[in-house]
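What follows is the residue order along each chain.
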Amino acid sequence: MLSIIIGILEQGFIFGIMALGVYISYSILDFPDLSVDGTFPLGAAVSAAMITAGVNPWLALLLSVIAGGIAGAITGILNVKLKITDLLSGILMMTALYSVNYRIAGSPNIFFMGEKTIFTSFSQFIPKLPDVYSRLILIVLIAIAAKLALDWYLKTKSGFLLRSVGSNEGLVITLAQNPGRVKIIGLAVANALVALAGAVNCQRFTQFDVSSGVGTIVMGLAAVIIGTTVFKKVKFLRVTTGVFFGMIIYKTCITIAINSGLNASDMNLVITVLFVLTLVLNTFINKNKKAKGAAANAVIK
Amino acid sequence: MLSLSNIHKTFNPGTPDEKTLFTDFNLNINKNEFVAMVGSNGSGKTTILNVITGGIPVDDGTVMLDGINLTKMADYKRSKRIARVFQDPSAGTCPTMTIFENMSIADNKGKIYGLGHGLNAKRKYFYQSQLEVLGMGLENRLNTPVHSLSGGQRQALALIMATMTTPDLLLLDEHTAALDPKSSDIVMHLTNEIVHQKNITTLMVTHNLRHAIEYGTRSIMMHEGNIVLDISGSKRADYTIDDYLKIFNEISIECGN
Ligand SMILES: Nc1ncnc2c1ncn2[C@@H]1O[C@H](COP(=O)(O)OP(=O)(O)OP(=O)(O)O)[C@@H](O)[C@H]1O
Ligand SMILES: [Mg+2]
């Protein structure tokens, strides 16, 4: 039981980092970015290739993040410079990345059990602690660092521009800033976070699988929707915290579904069904809110 | 200072919706002029502003600002010297950000939007004093997200944001139309003060004839993509609301209405 809970937490925090990226593209930029399904395994491919080549695992992690950022920027360039629609830009990038990831890894999957990873390097600092805990601690630390970095960025001047480009591009233009550039930067940051999640996941399980990205965007969206609607009520919680709770809830549901006798290959169906349920719940909550709002207005009148 | 020469513009050419608005349109505005532009709905006032800011491309003609040819320049680059308040009250502010955040972002125009702190805490009291003039109580709501403000409040905020850093040219598109009569007068008065204090060349579109007469140094009336009246100086001083209305009516009769 305890190992199941730890597994859920690990997955929740790793994929929560990915959901932070989806929060940027989907919520802040209003850009449904499907390249996420390719940048998650991109992060994994870069890490796996680097580690098997003997590169320091932390450096491998950094390179994964940079690769994700570049891929995100290219999605942005397809949309902004070449005027391809946002949805199609993401699909094209996702498709291209399948081949790119294969190239980087050199094969459809890599196993590198026993190689040095960020987890083996971290557990050396606290040798007394069992690996299960030290792994979880490291994952949580990386997740917190990613969340705080994003919180900080969104409060900078550059972050302010990012927030305004999604809700009012015209304002960015009147401020004499190039909205296309802001979008490209935003998508780069978003996919850098997604690739970070992919890299941490790959180093955690010491394996890379070229098709491991399928369904990433759906999970990310579900967590963002749960994080923004369900946890909106809780005032002191930021959305960037909410998405982690959202992802943990989501991963719990998946785990329950899989453990109740479904095959691992049923995963994508489970992910999809859960996502639809999330959407239904979301409209239900919003409707309730509107009804309440109307009631309040009636009282005022 | 600003000159539009030989502007041609046809919307949706080659389709059933084809509409030719400007054929050889010309307009020159001198430095420090404060132009009040009136005209019927659909006469092309907003489109003129869009042509100046680069929001829509022209088919032919040139847009010059202080001897610089803007015709091919990207819209956001033109904004370095031009500020604008839109006809749509939600266009001039970012709804998901607070009043404080909106004012800070506007205050930074012309500088780099880097990794420094976005909120300009040093200028908080200055922002509050600016809002206080509006008499809308916004000075006590700095941390309110702008989407929860009314259209009129947003428009007033948009004016303050647009003039936070001094532009060379200010474009106002019915910026008081969304306001109640009292706020409308307050904002119009404030506009006049800002324009004079900062010596900003201004083109203001309005449907409020009283404002068009009371404020500004030159009046222009538009009709179907043409300037039908352009007066300034003593001739303008003699014009009354009735005179404007008379021209309005004459135009309508010519059109057979
Ligand atoms: N992007 C566009 N596509 C097609 N037609 C347009 C476009 N922009 C403006 N028009 C047309 O050009 C004409 C002038 O529009 P414009 O918005 O400039 O009028 P206006 O003088 O600002 O009117 P109002 O007083 O109602 O704001 C209208 O007939 C309008 O339908
Ligand atoms: Mg108009």
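Along each chain, numbering runs from 1 in the same order as the chain's sequence is written. Labels are handed out in written order, letters beginning with A for the chains and numbers beginning with 1 for the ligands. Predicted model: local features are reported for residues with pLDDT of at least 70 only, side-chain atom pairs are reported and counted for 80 or more only, and whole-chain, interface and lining totals are derived from all residues. Neither water nor hydrogens contribute to the side-chain values; these are computed over all heavy atoms in the structure.

A.B. asks: Just to check I follow, could you spell out the overall build of chain B for this structure?
C.D. replies: On a plain count of helices and strands, chain B comes out with 9 helices and 10 strands. Here chain B has a C-alpha radius of gyration of 19 Å; the compact-globule value for 257 residues is 18 Å, and the two agree. Taken over the C-alpha atoms alone, chain B extends approximately 55 × 40 × 35 Å along its principal axes. Burial classes: relative accessible area under 20% of the type maximum marks a residue as buried, over 50% as exposed, and values in between as partly exposed (1.4 Å probe, protein chains only). Here chain B holds 257 residues, and the buried ones make up 51% of them. Long-range contacts, defined here as pairs at least 24 residues apart, represent 67% of the contacts in chain B between residues at least 6 apart. With residues, only the protein chains shown are counted as cover, and all accessible areas are computed by Shrake-Rupley using a 1.4 Å probe. For chain B, the accessible surface area stands at approximately 11700 Å², while carbon and sulfur atoms represent 50% of it. Under the DSSP-based scheme used, a helix requires at least four consecutive residues in state H or I and a strand at least two consecutive residues in state E, with every element numbered from the N terminus. Only the C-alpha atoms count toward the radius of gyration. The rule for a globule is 2.2 Å times the residue count to the power 0.38. Whether two residues are in contact is decided by their heavy atoms: any pair within 4.5 Å suffices.

A.B. asks: Just to check I follow, could you spell out helix H3 (residues 99-107) of chain B for this structure?
C.D. replies: Along an α-helix, residues three or four positions apart point the same way, because every turn accommodates 3.6 residues. Summarising burial for H3(B): 9 of the 9 residues are buried, a large majority. Restricting attention to buried positions, one finds in H3(B) the residues Ile99(B), Phe100(B), Glu101(B), Asn102(B), Met103(B), Ser104(B), Ile105(B), Ala106(B) and Asp107(B).

A.B. asks: Any chance you could explain the coordination of the magnesium ion (ligand 2) here in plain terms?
C.D. replies: Reference values for coordination geometry: four tetrahedral donors around a metal ideally subtend 109.5 degrees, six octahedral donors ideally subtend 90 or 180 degrees. The magnesium ion (ligand 2) binds to the protein through Thr46(B) (OG1) and Gln87(B) (OE1), with metal-donor distances spanning 1.8 to 2.3 Å. Here the residue Thr46(B) occupies a position in helix H1 (residues 45-53), and Gln87(B) occupies one in the loop between strand E6 (82-85) and H3, the gap between them amounting to 41 residues. In this description, a donor is an N, O or S atom within 2.8 Å of the metal centre, a cutoff extended to 3.2 Å for sodium, potassium and calcium. Water is not part of the atom list, which can make sites seem incomplete.

A.B. asks: Help me understand the interface of chain B and chain A, please; the structure alone is not making it clear to me.
C.D. replies: In this assembly, 30 residues from chain B lie in contact with 20 residues from chain A. Approximately 2100 Å² of surface area, both sides summed, lies buried where chain B meets chain A, with 67% of it carried by carbon and sulfur atoms. Buried area: the sum, over both parts, of the accessible surface (1.4 Å probe) that disappears when the two are put together. The three residues of chain B that bury the most area against chain A are Tyr76(B), Tyr113(B) and Leu115(B), which together make up 29% of that side's buried surface. A side-chain nitrogen of Lys or Arg and a carboxyl oxygen of Asp or Glu constitute a salt bridge if their distance falls within 4 Å. Our count for the contact surface shared by chain B and chain A stands at 1 salt bridge. Under the rule applied, a polar contact is a pair of N or O atoms within 3.5 Å (in protein, one hydrogen donor and one hydrogen acceptor; residues adjacent in sequence only if both atoms are side-chain atoms). At the surface where chain B touches chain A, the tally comes to 11 residue pairs in polar contact (both at pLDDT 80 or more). Where the side of chain B that touches chain A is concerned, the elements lending two or more residues are helix H2 (75-78) and H3 of chain B.

A.B. asks: Quick question: what am I supposed to make of the pairing of E6(B) here?
C.D. replies: Here is the key point about a regular strand: its side chains alternate between the two faces of the sheet. All names here are of chain B. By the alternation rule, side chains of E6 split into Ile82 and Arg84 and Ala83 and Val85, which are all buried. Where E6 meets strand E7 (residues 169-173), 4 bridges bridge the pair, whose relative direction is parallel. If you follow Arg84 over to E7, its bridge partner there is Leu171. For two strands to count as paired, DSSP must find a minimum of two bridges between them.

A.B. asks: Looking at this structure, I do not really get the sheet that holds E7(B). What am I missing?
C.D. replies: Sheet strands line up and pair through hydrogen bonds in the backbone, either parallel or antiparallel. All names here are of chain B. Read across the open sheet, the 6 strands follow the order E6-E7-E8-E3-E9-E10; overall the sheet is mixed. At either margin of the open sheet sits one strand with a lone partner, and together these are E6 and strand E10 (226-232). Each strand axis lies, on average, 15° off the axis of its neighbour in the sheet, ignoring direction. Axis geometry follows a simple rule: fit a line to the C-alpha atoms, using only the stretch in contact for helices, then measure angles between N-to-C directions, giving values from 0 to 180 degrees. Lying over the sheet, H1 contacts strand E3 (34-39), E6, E7, strand E8 (201-205) and strand E9 (218-223), oriented at roughly 150° with respect to E7. Sheet strands touched by helix H5 (residues 151-162): E6 and E7. Its angle to E6, the strand with the most contacts, is close to 175°.

A.B. asks: Hey, could you run me through the sheet that holds strand E4 (residues 60-65) of chain B in this one?
C.D. replies: Residue and element names in this part refer to chain B. If you trace the 4 strands from one edge of the open sheet to the other, you get E2-E1-E4-E5, paired in antiparallel fashion. Only two strands of the sheet have a single neighbouring strand rather than two, namely strand E2 (19-29) and strand E5 (68-69). Bridging between strand E1 (residues 2-11) and E2 involves 7 bridges; their strand directions are antiparallel. Pairing of Leu4 across the sheet is with Leu27, part of E2. Across the sheet, H1 is in contact with E1, E2 and E4; its angle to E1 comes to roughly 115°.

A.B. asks: Explanation requested: the site of ligand 1 in the structure shown.
C.D. replies: Residues and elements named next belong to chain B. Distances are taken per atom, and a residue is near a molecule or strand as soon as one of its heavy atoms is within 4 Å of it. The local shell around ligand 1 holds 15 residues, among which Asn41, Gly42, Lys45, Thr46 and Thr47 are the closest. Side-chain polar atom of Thr47 to an oxygen atom of ligand 1: 2.5 Å apart, as the coordinates give it. Take Glu174: an N or O atom from its side chain is 3.4 Å from an oxygen atom of ligand 1. Contact with the protein chains covers 66% of the free accessible surface of ligand 1, which is 630 Å². Those elements that place two or more of their residues in the shell around ligand 1 are E2 and H1. Residue contributions to the shell around ligand 1 peak at 3 residues, all from H1.

A.B. asks: Would you mind going over the nonpolar core with me for this structure?
C.D. replies: Soluble globular proteins: nonpolar side chains tend toward being buried together. Take the buried residues of types Ala, Val, Leu, Ile, Met, Phe, Trp, Tyr and Cys, join any two whose side-chain atoms come within 4.5 Å, and each joined set is a nonpolar core. Counting residues in each nonpolar core, the largest one holds 113 residues, and the members touching the most others are Ile17(A), Met18(A), Tyr250(A), Ile99(B), Met103(B), Leu131(B) and Leu134(B). With 12 residues, the single largest contributor to this core is helix H1 (residues 2-28) of chain A. If we skip the residues at most four places from it in the chain, Met18(A) touches Val36(A), Phe40(A), Leu193(A), Val194(A), Ala197(A), Thr216(A), Met219(A), Gly220(A) and Met247(A). Counting residues in each nonpolar core, the second largest holds 26 residues, with Ile7(B), Val51(B), Val63(B) and Ile82(B) among its members.

A.B. asks: Honestly, a nonpolar patch on the surface in this entry has me stumped. Any pointers?
C.D. replies: All names here are of chain A. Patch definition: residues above 30% relative accessible area lacking any salt bridge, with like charges linked at up to 9 Å and the nonpolar side chains Val, Leu, Ile, Met, Phe, Trp and Tyr linked at up to 5 Å. There is a patch of nonpolar side chains on the surface, built from Leu2, Phe125, Ile126, Val132, Tyr133, Ile137 and Leu141 and spanning about 650 Å² of accessible area. Among the elements that take part in the nonpolar patch, helix H6 (residues 131-154) stands out by supplying 4 residues, more than any other. With respect to the helices and strands, the residue Phe125 is situated in the loop between helix H5 (118-123) and H6. Under the relative-accessibility criterion, Phe125 is labelled exposed at 67%.

A.B. asks: Just to check I follow, could you spell out the pattern of salt bridges for this structure?
C.D. replies: Pairs can form between side chains of opposite charge whenever their charged atoms are close. Enumeration over the complete set of coordinates arrives at 13 salt bridges over all chains. Here Arg210(B) and Asp185(B) are joined by a salt bridge, their closest N and O atoms 3.2 Å apart. Of this pair, Arg210(B) sits in helix H7 (residues 209-214) while Asp185(B) sits in helix H6 (residues 181-197); the two residues are 25 residues apart in sequence, bridging distant segments of the chain. Taking relative accessible area as the criterion, Arg210(B) reaches 35% and is therefore assigned partly exposed. A relative accessible area of 32% means that Asp185(B) is categorised as partly exposed. Through salt bridges that share partners, Glu10(A), Arg135(A) and Arg204(A) make up one connected network.

A.B. asks: Is there a simple way to think about the packing of aromatic side chains in this case?
C.D. replies: We describe a pair of aromatic rings using the distance from one ring centre to the other and the angle between the two ring planes. Pairing of aromatic rings covers Phe, Tyr and the six-membered ring of Trp, with a centre-to-centre limit of 6.5 Å; geometry is then stacked below 30 degrees between planes, edge-to-face above 60, and tilted otherwise. Under the criterion given, the structure shown has 6 aromatic pairs over all chains. Arranged with centres 5.7 Å apart and planes meeting at 35°, the rings of Phe13(A) and Phe244(A) form a pair that is tilted. Pair noted here: Phe13(A) is in helix H1 and Phe244(A) is in helix H11 (residues 239-259), with a separation of 231 residues, a long-range link. In terms of burial, Phe13(A) and Phe244(A) fall into one category: buried. An aromatic cluster is present here, built from Phe100(B), Phe126(B) and Tyr127(B) joined pairwise through their rings. When the NZ atom of lysine or the CZ atom of arginine is within 6 Å of a ring's centre and also within 35 degrees of its normal, the charge is said to sit over that ring. Above the plane of the ring of Phe205(A) lies Arg204(A), whose end atom (NZ or CZ) is 4.5 Å from the centre.

A.B. asks: Even after reading the chapter, I still don't get the side chain of Lys109(B), so can you show me in this structure?
C.D. replies: By the secondary structure assignment, Lys109(B) is in the loop between H3 and helix H4 (124-132). Within the structure, Lys109(B) has its side chain in polar contact with the backbone oxygen of Ile82(B) (distance 3.2 Å).

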